[in-house]
Amino acid sequence: MVMVKRMYHSINTAACITAVIVIKGAAAALAPKLRTNGSDNSSSRTRSMSEQQQQSFLGIYKPGSNVDDIAALDVDLRSIDVGLAKGDTDGMAEARAVYANGIDNTGSDTYTLKQLSTKMSKTFWASPTFGHAVDWNGEQDYANQFVEASFEGNDYHNFKSQEYPGKGNFQLSTFGVEGRAAAIGWGIPLLHIWMAVVSMVEKAAVDCRPTGVNVEQVVRWDSAVALYTGSESRAGNRTNGHFLYSLTQIECYKFGTCKEEGEIAPINTKIFESFQHGKMLMMNGNCEYLKEEAVYIKRLMTVLLVQGTLRSSYAMDVQHDTQETTQGMGAAFAAAIVPLLSTCEAANAFIVHENLAPGHGTTGNFAAVQGALERSYSCLGIDCVDVGGLINSKGDGYLEGVEDCNADLSSGAESSSLNYKEPVSLQNNDHQADHPQSLSAVSSSALIVGLIFGILGGFVMGIVVVFLYAKKRHIYAKKRHTYAKDKHATSEEVELVDLLANIE
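Definitions and limits used
Residues numbered from 1 in each chain as written. Predicted model: local features only at pLDDT ≥ 70, side-chain atom pairs only at ≥ 80, totals over all residues. Heavy atoms only, no water. Core = buried A, V, L, I, M, F, W, Y, C linked by side-chain atoms within 4.5 Å. Buried < 20%, exposed > 50% of the residue type's maximum accessible area, 1.4 Å probe, protein only. Helix = DSSP H or I, 4+ residues; strand = E, 2+ residues; numbered from the N terminus. 1 Å grid on protein atoms, 1.4 Å probe; cavity = no way out; pocket = protein on both sides within 12 Å on 5 of 7 lines; lining within 4 Å. Points joined across faces, edges and corners; volume = space filled by probe spheres on them. Nonpolar A, V, L, I, M, F, W, Y, C, P; charged D, E, K, R; others polar. Expected span 1.5 Å × (residues − 1). Contact = heavy atoms within 4.5 Å. pLDDT = per-residue confidence, 0-100. Axes fitted to C-alpha atoms, helices over the stretch in contact; angles between N-to-C directions. Parallel < 35°, antiparallel > 145°, perpendicular 65-115°, else oblique. Left-handed = near helix turned anticlockwise from the far one by under 90°. Disulfide = S-S within 2.5 Å.

**Quick notes on the nonpolar core**
Next, step 1: Counting 113 residues, the largest nonpolar core has L113, W221, L227, F272, F275 and V352 as the members making the most contacts within it.
Next, step 2: Sorting elements by how many residues they give to this core places helix α9 (residues 177–207) first, with 16 residues.

Structure below.
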């Protein structure tokens, strides 16, 4: 019996190796060409990224496909922020050009930040989260319309919930350049990037097939990791980037969930564990578990939206911060989180909107926003421990009215609803479902043998690899997947898993 189990594990190892080879061979053809214009003269950004091809993200996640151009979209966002910071119409025009055409100013058949909403959204329909956002906003390119309205200084009228028809528009025309710039600078990562990452992850889970190596799905998963992290944070720069990884790091310190200087945010740690684990699940065809992993990643990423919504609302109401930069930030966070709240209770979504939308933020009520969010925590799959509490300017305590559940900055161990599964080691996926600890656990000789016999033929390869691998790795520990349904999972999350399972 022991030998039979070892044979199963070894065959699974060989399949995983073969999957990696096939994925790497096919990825170049499948990965989106984000920045090619047919010219032999590469842009400065493309040259700077050439040395990073196949470089891991944070030393943790090694993509099997070339996602350098996707990660480098954060350089576009940095350039947009530079233009917005000028605070005049010329700077807005410069930022808008980069938003539409990219820093290379090609604007051809390549993906830019704008096209994450206008073009790539066509591939997101299999994502339940994207579908909910479209239902709430009324247009599939709602993210782009919000940003374009901010550039133009027009109102955004696509808030079309059936529960509150004709209400909830974002009156961006009430902002001057400063407020509109903030709405753009925050809106792109929160509306475009956040939704693209969640949608890519959910789409990969929907399209996962138990048979085959899921090449396209792994490429999409790699792209989600690249878009979450960006090129500037790829090597471990934790707070100077412009994409979601860096924003999560910033909020971690503002909300006291990071206890020590230089610490990786617990949310980021868990997200990368799930990125790594999810890729292995795909390569082994464990699609049902992958669907649950996709739901878990979305839950983790929602914490950032809640934190930013709380922080901007508290600043405007309690701290009497009426700067347009704060108002624009609040409007962007509201636009991002309201569709998620609407899937729980439309009334709570409307409360957040009414207290943070342009023209309302400075007269908004923080207690009302806080109550609407906290009533939604269970539905969103998070709790107050995950969110933390706002730290005061001295860094030695919490601001009144927005304390952490434990109200103790020195507290270490905290119970979180996002700890529903045993943490995965960043180096070894210790709770994988019948697959090897990591690809690095396979010796080079075993890899060569696996490749040779893979070419010669299926079943013979499996038998030979079993004995060679068993002889080489006598201490190979059996792994059993304990990834059961989350005992803390809400009915809404179970429903989302069912949606992912049923969508074709």
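Read on, since the account is not over.
**Some remarks on empty space enclosed by the protein**
Next, step 1: A complete count under the given rule lists five cavities of 30 Å³ or more for this structure.
Next, step 2: If you add up the space inside the second largest cavity, you get close to 60 Å³.
Next, step 3: In this structure, the second largest cavity is lined by L116, S117, S121, F124, F130, Q140, Y142, A143, L191, H192 and M195.
Next, step 4: At the level of secondary structure, the elements contributing two or more residues to the lining of the second largest cavity comprise α6 (115–118), α8 (142–152) and α9.
Next, step 5: Examining the composition of the lining of the second largest cavity, we find that three residues originate from one element, α9, more than from any other.
Next, step 6: Residues that form the lining of the second largest cavity fall into these classes: seven nonpolar, four polar and no charged.

**Comments concerning helix α5 (residues 89–101)**
Next, step 1: With 13 residues, α5 extends 18 Å from end C-alpha to end C-alpha; this agrees with the ideal 18 Å at 1.5 Å per step.
Next, step 2: Looking at the buried positions of α5, the neighbouring elements they touch are α4 (73–85), α8 and α9.

**A closer look at the confidence of the model for the chain**
Next, step 1: Residue-level pLDDT values for the chain average 76, and 66% of them are 70 or greater.
Next, step 2: Confidence drops under pLDDT 50 across residues 1–52; counting only partners more than four residues distant or on other chains, this segment forms 91 contacts.

**Focus on the environment of Q276**
Next, step 1: Mapped onto the elements of the fold, Q276 is located in helix α12 (residues 266–283).
Next, step 2: Remark: the alpha-carbon pair of Q276 and V225, spanning 51 residues in sequence, is separated by 9.4 Å.

**Quick notes on the packing of α9 against helix α13 (residues 287–317)**
Next, step 1: Where α9 meets α13, the closest approach of the two axes is 8 Å, and the angle between their N-to-C directions is 165°. It follows that α9 is roughly antiparallel to α13 by the angle criterion. Helix-helix and strand crossings are classified by hand; for α9 and α13 the assignment is left-handed. From α9, W186, L190, W194, V197, V198, V201, E202, A204 and A205 reach across to α13, where they touch L290, K291, A294, I297, K298, M301, T302, L304, L305 and R311.
Next, step 2: Among the residues forming the contact of α9 with α13, the class breakdown is 14 nonpolar, one polar and four charged.

**A look at the state of the cysteines**
Next, step 1: Enumeration over the complete set of coordinates arrives at three disulfides.
Next, step 2: Shown here is the disulfide that connects C208 with C287, its sulfur atoms set 2.1 Å apart. Its S-S torsion of approximately -70° makes the covalent link between C208 and C287 left-handed. Of this pair, C208 sits in the loop between α9 and α10 (215–229) while C287 sits in helix α13; the two residues are 79 residues apart in sequence, bridging distant segments of the chain. In terms of burial, C208 and C287 fall into one category: buried.
Next, step 3: The disulfide partner of C252 is C258, and the gap between their sulfur atoms is 1.8 Å. An S-S torsion of about 110° defines the bridge between C252 and C258 as right-handed. In terms of burial, C252 and C258 fall into one category: buried.

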